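# Residue-level structural notes
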Amino acid sequence: MLSERRLQVLRAIVQDYVGTEEPVGSKALTERHNLGVSPATVRNDMAALEEEGFIAQPHTSAGRIPTDKGYRLFVDKLAGVKPMTPPERRAIQNFLEGAVDLDDVVARTVRLLAQLTRQVAVVQYPSLTRSTVRHVELLSLAPARLMLVLITDTGRVEQRMVDCPAPFGESPVADLRARLNSRVAGRRFTDVPGLVEDLPEAFEPEDRGTVSTVLSTLLETLVEENEERLMIGGTANLTRFGHDFPLTIRPVLEALEEQVVLLKLLGEAKDPGVTVRIGHENAHEGLNSTSVVSVGYGSGGEAVAKLGVVGPTRMDYPGTMGAVRAVARYVGQILAES
């Protein structure tokens, strides 16, 4: 365990390095921070921190910089989450409240996160599997053709065409719409198959084939694998941090193009708290020089998806964690009200 003083020295090194981009020396630390000890004592503390792998000497300069291990200790023990100011919170709310639909909410969230944190922002669309059904609409387009519209509690809308095996009149369409909604509205997607399996039996024999076709289209919509959609923005922000990426920015950009990598980075939506992954904690090699700060968002108390930012390990962690958490809270409120 590190002594309280050495923890304070580490905190000062992280804060100075993030703020100045320059390796930090003992003389500068004692001048900038009220550590209450001589530069010689700080030098000893820095030597001990270096020996334990919390800081490192990047080259022959006299200064030291935090390692992934040092940032990890800073985030876990030393950094609080910096709250947004009231004007910042109002600006977030006003910007997001202007959204007209779910796509617009996601697009605005990406822009906002990228601007607030000056990092790359990633927002996952609300997952269908964790959603509930708000409404199912059935529209007759032709005697044997219907449109099925599924609306979720998060405002997501899925449309499908249904080709019926036989003509299906307006009256059975209205009957099926009413029966479907009475059974599935407000229910979790995972519950729907069991709630509708005996529905065809409530219809005349000649209509049962069409009812079964509509139900299989509905169930296919609920379990589609390609549901995990993402939006990404602010990639140009990475160019401001060129010297933070040891070799080149290219592996980072290539990793950000892979949706599967990004979904893994954001982590499981059911973990609602703020998660910070630093440097080599990111499994993907291209992202070993980056940190990822993510959090779950959703309407009510349950997270239905994740949002977060990707930036260099030399990141303002308290500010980034505060921004990510605040934006997630407002997105959740908007989804709950939509």
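Note that the structure is predicted; figures quoted are calculated from it, not measured.

### What to know about the overall build of the protein
When its secondary structure is counted, the protein shows 12 helices and 10 strands. In terms of overall size, the protein is more extended than a compact globule, its C-alpha atoms giving a radius of gyration of 26 Å where 338 residues would be expected to give roughly 20 Å. With respect to the three principal axes, the spread of C-alpha positions in the protein is 90 × 40 × 35 Å. Put simply, the protein has 338 residues, and 49% of those count as buried. Carbon and sulfur atoms make up 51% of the accessible area of the protein, which totals about 16100 Å². The positive charge centre, built from 37 side chains, and the negative charge centre, built from 45, are 8 Å apart in the protein.

### Brief notes about the UniProt feature "domain: HTH deoR-type" (unreviewed entry) in the protein
The residues that UniProt annotates with the feature "domain: HTH deoR-type" (unreviewed entry) are residues 34–62. Within residues 34–62, the helical portion is 45% and the strand portion 7%, while the C-alpha atoms at the span's ends are 21 Å from each other.

### Comments concerning the packing of helix 5 (residues 86–97) against helix 12 (residues 317–337)
Interaxial distance between helix 5 and helix 12 falls to 10 Å at its minimum, and their mutual angle equals 40 degrees. On the basis of their axis angle, the class for helix 5 and helix 12 is oblique. Seen from above, helix 5 lies across helix 12 with right-handed handedness. Contacts between helix 5 and helix 12 involve Arg89, Ile92, Gln93, Leu96 and Glu97 from the former and Ala326, Val327, Tyr330, Val331, Gln333 and Ile334 from the latter. Of the residues assigned to the contact of helix 5 with helix 12, the class counts are 7 nonpolar, 2 polar and 2 charged.

### What to know about the packing of aromatic side chains
Between two aromatic rings, the relevant description is the distance of the centres plus the angle of the planes. A full pass over the atoms with the stated rule returns 1 aromatic pair. When the ring centre of Phe54 is taken as origin, the NZ or CZ atom of Lys69, which lies over that ring, is 4.6 Å away. The positively charged end of Arg229 is found above the aromatic ring belonging to Tyr125, 4.0 Å away from the centroid.

### A few points about unusual backbone geometry
Peptide bonds are mostly trans, and most non-glycine residues show a negative phi. Even without a glycine there, the phi angle at Glu21 is positive, about 65 degrees. Considering the arrangement of structural elements, one finds Glu21 in the loop between helix 1 (4–20) and helix 2 (26–32). With a phi close to 55 degrees, Arg118 is a non-glycine residue in the positive phi region. Along the chain, the position of Arg118 falls in the loop between helix 6 (102–117) and strand 3 (120–124).

### Structural notes on the environment of Ser294
Looking at where Ser294 falls in the secondary structure, it is placed in strand 9 (residues 290–297). Apart from residues no more than four positions distant in its own chain, Ser294 is found in contact with Leu265, Leu266, Gly273, Val274, Thr275, Lys306, Leu307, Gly308 and Val324.

### Details of the sheet that holds strand 6 (residues 157–163)
Pairing between the strands of a sheet comes from backbone hydrogen bonds, and it takes one of two forms, parallel or antiparallel. Read from one edge of the open sheet, 3 strands run 4-5-6, paired in antiparallel fashion. At either margin of the open sheet sits one strand with a lone partner, and together these are strand 4 (133–142) and strand 6. Looking at each pair of strands side by side, their axes are set apart by 20 degrees on average, direction ignored. One ladder, built from 8 bridges, connects strand 4 with strand 5 (residues 145–152); its direction is antiparallel. Paired with Leu138 across the two strands is Leu148, which belongs to strand 5. Of the strands in this sheet, strand 4 and strand 5 touch helix 7 (residues 170–184), which is tilted by about 170 degrees from strand 4. Set on the sheet, helix 9 (residues 208–223) makes contact with strand 4, strand 5 and strand 6; between it and strand 5 the angle comes to about 35 degrees.

### Considerations on the pattern of salt bridges
Going through the model one piece at a time under the given rule, you end up with 16 salt bridges. Residues Glu137 and Arg177 are paired through a salt bridge, measuring 2.7 Å at the closest nitrogen-oxygen approach. You can see Glu137 sitting in strand 4 and its partner Arg177 sitting in helix 7, a full 40 residues away along the chain. Here Glu137 falls in the partly exposed class, since its relative accessible area comes to 22%. Using a relative accessible area of 23% as the deciding quantity, one classes Arg177 as partly exposed. Here Arg179 and Asp175 are joined by a salt bridge, their closest N and O atoms 2.9 Å apart. In this pair, Arg179 and Asp175 both sit in helix 7, 4 residues apart, roughly one turn of the helix.

Cut-offs and rules
- Residues numbered from 1 in each chain as written.
- Predicted model: local features only at pLDDT ≥ 70, side-chain atom pairs only at ≥ 80, totals over all residues.
- Heavy atoms only, no water.
- Helix = DSSP H or I, 4+ residues; strand = E, 2+ residues; numbered from the N terminus.
- Rg over C-alpha atoms; globule rule 2.2 N^0.38 Å.
- Buried < 20%, exposed > 50% of the residue type's maximum accessible area, 1.4 Å probe, protein only.
- Areas by Shrake-Rupley, 256 points an atom, 1.4 Å probe, with all protein chains shown as cover.
- Lys, Arg positive; Asp, Glu negative; His and termini not counted.
- Charge placed at Lys NZ, Arg CZ, Asp CG, Glu CD.
- UniProt positions renumbered as here; feature names shortened; annotations may be inferred.
- Axes fitted to C-alpha atoms, helices over the stretch in contact; angles between N-to-C directions.
- Parallel < 35°, antiparallel > 145°, perpendicular 65-115°, else oblique.
- Left-handed = near helix turned anticlockwise from the far one by under 90°.
- Contact = heavy atoms within 4.5 Å.
- Nonpolar A, V, L, I, M, F, W, Y, C, P; charged D, E, K, R; others polar.
- Phe/Tyr/Trp six-rings, centres within 6.5 Å; stacked < 30°, edge-to-face > 60°.
- Lys NZ or Arg CZ within 6 Å of the ring centre and 35° of its normal.
- Pairing = 2+ DSSP bridges.
- Salt bridge = Lys/Arg side-chain N within 4 Å of Asp/Glu carboxyl O.

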